[in-house]
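# Descriptive structure summary
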Amino acid sequence: MDLNLRDLRYFEIAAEAESLGRAAETIARSQPALTKAIRRLEATVGGPLFEKAGRGVKLTPVGLVLLDEARQLRVSADEALRHVADFSQGLAGRVRIGSGTVSVGALLPRLCRLLLQQAPQAQVNIEVGASFQLLELLRGKQLDLVVGLLPPEKDPDFVRHTIAIDDVVVAARSSHPVFKSRRISLETLLEYPWVLPTPEAASRQWLDAAFTSRGLPPPNVQVEANSIPLLPQLIAGTNLLSFVSRHTIATERSARLREVKPSLLMLRRELGVSARSGGYLSPVARRLLALLQQEVPGLMTGALD
């Protein structure tokens, strides 16, 4: 089967535009030229890719399958071209790194400075977000490395490089009424509203399970945030409880936060760098990984969300 990558790209654009006319304008080609490209693909796959839909077009079932495959082929082709270019440029090249918000301020500035000292022509793209979201981007080949929470050991899609251990505990502002309790139990913690990350976050799932496994309801979540670094700010001025890193409590300015003790709920988690299992890492990405492992482990402790 002979597939032309340019024809596939034109097909992708037409599928996204749902109009051959608009697609032709996007690629700066005539509509007949675009139609010929699609006809070549149809001849190759043995079926129609589009059907009329009002003034535009929509994908046929065959077209839907081809669109998914075309996107994967394009990503693979882009990665192959990056591979060749990196070999020709040595340590020059681009690395795409995913990072938690805290890491951007606490770790990545120094890390980038060290990298550029060793590879002056390197280009670094940084995607900031929650670890579970970044790992999905890594799985989809949209990132090269993710700095943050490590995926489960049993996940075959990732290679894990552990750099630090962090504990997540229940916390509140220093003047929270919970600290006036003579005895703090899990039931005591359920008397107060909470601010927590979204249900997709691993720490949220662990916390909910910790309560339900003891026959208790999960916490009453009054505020939900998809930004973990936002949690300390939200509890510092309210009577909400939260579940945050001990490092965050220790570094929060003016000692505004305090761990709720005894530590009835503590999640110990591994922090480090994740890469795709069997995935290609450019020379500059390998250099960045080496820096993370060898040069800055001290900064990693508690600096990842």
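For the structure, see preceding data.
Description of the structure in this document. It should be emphasised that the depicted structure is a prediction, and the values quoted were computed from it without experimental measurement.

### Quick notes on the packing of aromatic side chains
When we look at a pair of aromatic rings, we describe it by the centre distance and by the angle of the planes. A complete count under the given rule lists 3 aromatic pairs for this structure. A centroid spacing of 6.2 Å and a plane angle of 85° characterise the contact between Trp194 and Phe211, whose relative ring orientation is edge-to-face. Placement of Trp194 in strand E7 (residues 194–197) and of Phe211 in helix H9 (residues 202–212) is noted, with a sequence separation of 17 residues between them. No difference in accessibility class separates Trp194 from Phe211, as the two residues are buried. Taking the centre distance of 5.7 Å and the plane angle of 5° together, the rings of Trp206 and Phe243 count as stacked.

### Overview of the pattern of salt bridges
Taken as a whole, this structure holds 18 salt bridges when the rule is applied. Its salt-bridge partner being Arg276, residue Glu79 comes within 2.6 Å of it at the nearest N-O pair. Highlighted residues: Glu79 in helix H4 (residues 61–89) and Arg276 in strand E11 (residues 266–276), separated in sequence by 197 residues. Residue class for Glu79 comes out buried when judged on its relative accessible area of 13%. For Arg276, a relative accessible area of 9% corresponds to the buried category. Asp167 is the salt-bridge partner of Arg246, the closest N and O atoms lying 3.2 Å from each other.

### Some remarks on unusual backbone geometry
Here the residue pair Lys261 and Pro262 is connected by a cis peptide bond, since its omega of 5° sits within 30 degrees of zero. With respect to the element layout, Pro262 can be found in the loop between strand E10 (257–259) and E11. The phi torsion at Glu18 lies on the positive side, around 55°, for a residue other than glycine. Locating Glu18 in the fold gives a position in the loop between helix H1 (5–17) and helix H2 (20–26). On the basis of relative accessible area, Glu18 is assigned to the partly exposed category, the value being 48%. Positioned with a positive phi, Ala28 is a non-glycine residue whose angle comes to about 55°. Of note, Ala28 is situated in the loop between H2 and helix H3 (31–45).

### As for the side chain of Glu42
The residue Glu42 is located in helix H3 in this model. According to the relative accessible area criterion, Glu42 is buried, its value standing at 14%. A distance of 2.9 Å separates the side chain of Glu42 from the backbone nitrogen of Leu49, its partner in a polar contact. Those residues in contact with Glu42, other than ones at most four positions away along the chain, are Gly47, Pro48, Leu49 and Phe50.

### Observations regarding the nonpolar core
Counting 22 residues, the largest nonpolar core has Phe11, Leu34, Ile38, Leu49 and Phe50 as its most contacted members. Counting only elements with at least two residues in this core, the list comes to H1, H2, H3, strand E2 (56–59) and H4. The leading source of residues in this core is H1, at 7 residues. In this structure, Val95, Leu114, Ala119 and Leu289 belong to the second largest nonpolar core, which totals 21 residues.

### Some points on the environment of Arg173
For Arg173, the position within the fold is in strand E6 (residues 158–173). It is 13 Å that separates the C-alpha atoms of Arg173 and Tyr192, two residues lying 19 residues apart in sequence. Arg173 has contacts with Phe179, Ile235, Ala236, Gly237, Thr238, Asn239, Arg256 and Leu257, leaving out every residue within four places of it along the chain. Engagement of the side chain of Arg173 in a polar contact is seen with the side chain of Asn239, the distance being 3.0 Å.

### A few points about helix H7 (residues 131–139)
One turn of an α-helix holds 3.6 residues; hence residues three or four places apart share an orientation. Within the span of H7, buried status applies to Ser131, Leu134, Leu135 and Leu138. The arc that holds every buried residue of H7, seen down its axis, measures 105°, which confines them to one face. As for H7, its buried residues are in contact with strand E3 (93–99), strand E4 (122–128), strand E5 (145–149), E6 and E11. Phi for Lys141, located one or two positions after H7, is positive at around 65°.

### Re the environment of Val45
Its place among the elements puts Val45 in helix H3. For Val45 and Leu150, which are 105 residues apart along the polypeptide, the C-alpha to C-alpha distance reads 41 Å. Not counting chain neighbours up to four residues away, the residues in contact with Val45 comprise Val62 and Leu66.

Criteria and cut-off values
Residues numbered from 1 in each chain as written. Predicted model: local features only at pLDDT ≥ 70, side-chain atom pairs only at ≥ 80, totals over all residues. Heavy atoms only, no water. Phe/Tyr/Trp six-rings, centres within 6.5 Å; stacked < 30°, edge-to-face > 60°. Helix = DSSP H or I, 4+ residues; strand = E, 2+ residues; numbered from the N terminus. Buried < 20%, exposed > 50% of the residue type's maximum accessible area, 1.4 Å probe, protein only. Salt bridge = Lys/Arg side-chain N within 4 Å of Asp/Glu carboxyl O. Polar contact = N/O pair within 3.5 Å; in protein donor to acceptor, adjacent residues only side chain to side chain. Contact = heavy atoms within 4.5 Å. Core = buried A, V, L, I, M, F, W, Y, C linked by side-chain atoms within 4.5 Å. Arc of directions from axis to C-beta.

Note that all results are geometric; they support no functional claim without further evidence.
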